[in-house]
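Descriptive structure summary
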Amino acid sequence: GQDGLWQITDISCGNAEQGPKGEFSFDKSGFLLKQVPAPLDSKYWHLVFEEAGVLGHAVPLYISAETVCMNKDGATAACDDNLLKETSPAHVQGELTETGVNVKKLQMVESVSIN
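**Points about the packing of aromatic side chains**
Scanning the entire structure with this criterion turns up two aromatic pairs. Seen from their ring centres, F26 and F49 are 5.5 Å apart, and the 80° between their planes marks the pair as edge-to-face. Placement of the pair is F26 in strand β1 (residues 26-33) and F49 in strand β2 (residues 45-51), with a sequence separation of 23 residues. Each member of the pair F26 and F49 is classed as buried. Ring geometry for Y44 versus Y62: centroids 5.0 Å apart, planes at 80°, classification edge-to-face. Here Y44, found in the loop between β1 and β2, pairs with Y62, found in strand β3 (residues 54-62); they are 18 residues apart in sequence, far enough to count as distant. A relative accessible area of 28% places Y44 in the partly exposed class.

**Quick look at the pattern of salt bridges**
Considering all chains together, one arrives at one salt bridge under this definition. For the salt bridge of K28 with E51, the shortest nitrogen-to-oxygen distance reads 2.9 Å. Of this pair, K28 sits in strand β1 while E51 sits in strand β2, and the two are 23 residues apart along the sequence. Residue K28 is classed as partly exposed on the basis of its relative accessible area of 24%.

**Focus: the state of the cysteines**
One pass over the full model with this rule turns up one disulfide. At a sulfur-sulfur separation of 1.6 Å, the disulfide partner of C69 is C79. What sets the handedness of the C69 and C79 disulfide is the S-S torsion sign, and at about 110° it is right-handed. You can see C69 sitting in strand β4 (residues 68-70) and its partner C79 sitting in the loop between β5 (76-77) and β6 (89-96), a full ten residues away along the chain.

**Digging into unusual backbone geometry**
Of the consecutive residues A38 and P39, the connecting peptide bond is found in the cis state with omega at 10°. Among the secondary structure elements, P39 is positioned in the loop between β1 and β2. One non-glycine residue, A52, adopts positive backbone phi at about 55°. Inspection of the secondary structure puts A52 in the loop between β2 and β3. A relative accessible area of 77% places A52 in the exposed class. Here T87, not a glycine, exhibits a phi torsion of approximately 65°, which is positive. Note on placement: T87 falls in the loop between β5 and β6. Accessibility expressed as a relative area gives 52% for T87, which makes it exposed.

Criteria and thresholds
Residues numbered from 1 in each chain as written. Predicted model: local features only at pLDDT ≥ 70, side-chain atom pairs only at ≥ 80, totals over all residues. Heavy atoms only, no water. Phe/Tyr/Trp six-rings, centres within 6.5 Å; stacked < 30°, edge-to-face > 60°. Helix = DSSP H or I, 4+ residues; strand = E, 2+ residues; numbered from the N terminus. Buried < 20%, exposed > 50% of the residue type's maximum accessible area, 1.4 Å probe, protein only. Salt bridge = Lys/Arg side-chain N within 4 Å of Asp/Glu carboxyl O. Disulfide = S-S within 2.5 Å.

Quick look at the structure:
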C-alpha cells in the first residue's frame, strides 16, 4: 500500500496465462478456403493455418465494410471474390472471438512458410 491505497508495482503471467502479444488478438498466415466441409460454414471464408506445429486449424473470417484488404503488391482492394481465391496464401489480422475472427486486415501474400 501507498498513502492508504493499494498500488500495483508488477504484473507477471504464469504458465497458463499470457498477456497481449500485439495489436491484434489474431495475427496469422495460412490459406484461404470457402468450400469447406461440415461442420464448418461455407458461407464464410476460412483461414487454414498452423498452430503449435500442427497444420489444419481453420477459423471463419468475418469480413465487414471496415475490413482492409490488400493485394500482393500492398494496394488496397475490395474484399470480394475477385481478390479472394480458394487456397490463396494470405495473412490475416483481427480480433479473435469464440466463433471466428473479426478481420481488420487481410493481405494476399506470395507464399506461406509452414515450419
